[in-house]
Amino acid sequence: QVQLVESGGGLVQAGGSLRLSCAASGRTFSNYAMGWFRQAPGKEREFVAGISWRGLIYYADPVKGRFTISRDNAKNTAYLQMNSLKPEDTAVYSCAARDLYPRTAPTDYDYWGQGTQVTVSS
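Here we look at the pattern of salt bridges
- Scanning the model with the defined rule gives 5 salt bridges in all.
- Residues Arg38 and Asp89 are paired through a salt bridge, measuring 2.9 Å at the closest nitrogen-oxygen approach. Placement of Arg38 in strand β4 (residues 32-39) and of Asp89 in the loop between β8 (77-82) and β9 (91-99) is noted, with a sequence separation of 51 residues between them. The burial state of Arg38 is the same as that of Asp89; both residues are buried.
- The partner of Asp108 in a salt bridge is Arg103, with the nearest N and O atoms 3.8 Å apart.
- Accessibility expressed as a relative area gives 43% for Arg103, which makes it partly exposed.
- Because the salt bridges share partners, they merge into one network encompassing Arg38, Glu46, Arg66 and Asp89.

Here you go:
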C-alpha cells in the first residue's frame, strides 16, 4: 500500500502561482510513477502531468509551459509547480501513483490522495 497526502492548494489571483506537494508513505516511492490530476465541478477528472520512476515527464496540453512536475525521492514527495494560473485551472487537484510509467487515464492508477482545492480568481 502507498498512502498519498496532498498539500499546497488555496485561493490565488489569476497570473499567480501555487506549489502543490504530494507526500508518499508505504512502499518504495522511487519505484512508482506519479501523476497529477484535476477535477472541476461538473467535469471529469483529467490528467495534468506525470513523472516516471526515472524522471521522464509528461504534460497535458493546457498546462504546458505553465506547470512543472518534479519529484524528490529522498523526501518521498512529488511536486506540481503551477505558474501563470488561470481561472480555468480551478479544480480539486489529486496526486496518484502507479508502477514505473505514468498514464493519462485515472483508472490506470492504483493509489490516490484525498485532493486539494485550487481556486483561481479573475
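Some thoughts on the environment of Ala60
- Structurally, the position occupied by Ala60 is in the loop between β6 (57-59) and β7 (67-72).
- When the C-alpha atoms of Ala60 and Cys22 are compared, they prove to be 19 Å apart, with 38 residues separating the residues in sequence.
- With near-sequence residues (within four places) excluded, Ala60 lies in contact with Phe47 and Val48.

Some words on unusual backbone geometry
- In this structure, Ser84 is a non-glycine residue whose phi angle is positive, near 50°.
- Positionally, Ser84 belongs in the loop between β8 and β9.
- Phi is positive for Leu100, which is not a glycine, with a value near 60°.
- Along the polypeptide, Leu100 turns up in the loop between β9 and β10 (111-112).
- For Leu100, a relative accessible area of 37% translates into the label partly exposed.

Criteria and thresholds
- Residues numbered from 1 in each chain as written.
- Predicted model: local features only at pLDDT ≥ 70, side-chain atom pairs only at ≥ 80, totals over all residues.
- Heavy atoms only, no water.
- Salt bridge = Lys/Arg side-chain N within 4 Å of Asp/Glu carboxyl O.
- Helix = DSSP H or I, 4+ residues; strand = E, 2+ residues; numbered from the N terminus.
- Buried < 20%, exposed > 50% of the residue type's maximum accessible area, 1.4 Å probe, protein only.
- Contact = heavy atoms within 4.5 Å.

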